[in-house]
Amino acid sequence: MSSRFLNIFGGLTVAIVASLALLVMLYGGSPGPSQRDDALPYGGSFTMVNGHGRTVTERDFKDRPLVVFFGFTHCPDVCPTTLIEVADLMAQLGTDADRMTVLFVTVDPERDTPEVMREYAEAFDKRIVALTGSLEQVTAMAKAWGVYFKKVPTSGGDYTVDHTASVFLMDRKGGLRGTLDLHDRTAGVNLAKLRRFVR
Ligand code: NI
């Protein structure tokens, strides 16, 4: 073998080893969200307060398909629209809706006390579970779900909260199965998706 060939071969080996090392770093070094814990691949663990003022954690909803979305009761449009859509889907699912749990999580714990949250959520469907908590608890849960929220001052000393409006579907094993498409209200896609989801 010529030394020229050996140099090329050596260079290639270095490149391959470097690539493999990078792959290990990317996929093997730190566990991704789907490898963190068999029971909790997405969303992680949380400690929140339900509408009855009782502390609940992810263990209270174990082995249930979860429909999870974040919002707040003072939301002028997106949240009520989402809640109407979700409640409408639950009505169409009928008793099949009892096989899943819908969690409506506040991003405004300052105003959304357990009672305020319960009354608000139950006005749409009594089966919707309202969650609130301390700002720290809410922040931790939102972060684990990749949900952004930010308090924004409005005129008159009031405020609103910008937030991610996604409706997440998490299966019994804690895997993220997708989101509902809230711009597609009539085609029945969401209903079909939920029927498969609770099966
Ligand atoms: Ni909203």
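Reading the values: rules and limits
- Residues numbered from 1 in each chain as written.
- Predicted model: local features only at pLDDT ≥ 70, side-chain atom pairs only at ≥ 80, totals over all residues.
- Heavy atoms only, no water.
- Pairing = 2+ DSSP bridges.
- Helix = DSSP H or I, 4+ residues; strand = E, 2+ residues; numbered from the N terminus.
- Axes fitted to C-alpha atoms, helices over the stretch in contact; angles between N-to-C directions.
- Contact = heavy atoms within 4.5 Å.
- Donors = N, O, S within 2.8 Å, 3.2 Å for Na, K, Ca; no water.
- Buried < 20%, exposed > 50% of the residue type's maximum accessible area, 1.4 Å probe, protein only.
- pLDDT = per-residue confidence, 0-100.

Asker: Could you clarify how one ought to interpret the sheet that holds strand 1 (residues 47-50) in this entry?
Answerer: The pairing of strands in a sheet happens through backbone hydrogen bonds and is either parallel or antiparallel. Read across the open sheet, the seven strands follow the order 2-1-5-4-3-8-9; overall the sheet is mixed. If you trace the sheet from one side to the other, it starts and ends with strand 2 (55-57) and strand 9 (176-179), each paired once. The sheet shows a mean angle of 35 degrees between the axes of neighbouring strands, direction not considered. Across three bridges, strand 4 (residues 101-106) lies against strand 5 (residues 129-132) in parallel orientation. If you follow Val105 over to strand 5, its bridge partner there is Leu131. Most of the contacts of helix 5 (residues 189-198) go to strand 8 (residues 167-170), to which it runs at about 30 degrees, and overall it touches strand 3 (66-71), strand 8 and strand 9.

Asker: Looking at this model, I keep getting lost on unusual backbone geometry. Mind explaining?
Answerer: It is generally the case that most residues other than glycine have a negative phi and that most peptide bonds are trans. Positive phi outside glycine occurs at Asp63, with the angle close to 65 degrees. Relative to the assigned elements, Asp63 resides in the loop between strand 2 and strand 3.

Asker: Sorry if this is basic, but what is going on with the coordination of the nickel ion here?
Answerer: A four-donor tetrahedral metal ideally has 109.5 degree angles, and a six-donor octahedral metal ideally has angles of 90 or 180 degrees. Those protein atoms acting as donors to the nickel ion are Cys75 (SG), Cys79 (SG) and His163 (NE2), and they sit at 2.1 to 2.2 Å. All donor residues of the nickel ion come from one chain, and their arrangement in sequence is C-x3-C-x83-H. In this pair, Cys75 sits in the loop between strand 3 and helix 2 (78-93) while His163 sits in strand 7 (residues 159-163), placing the two residues 88 residues apart along the sequence. Classification of Cys75 by relative accessible area gives buried; the value is 8%.

Asker: Even after reading the chapter, I still don't get the confidence of the model for the protein chain, so can you show me in this structure?
Answerer: Low pLDDT means the predicted atomic positions in that stretch should not be read closely. Averaged over all residues, the pLDDT of the protein chain is 84; the fraction at 70 or higher stands at 77%. Ignoring residues within four places in sequence, the model shows residues 20-40, a span with pLDDT below 50, making 16 contacts including any to other chains.

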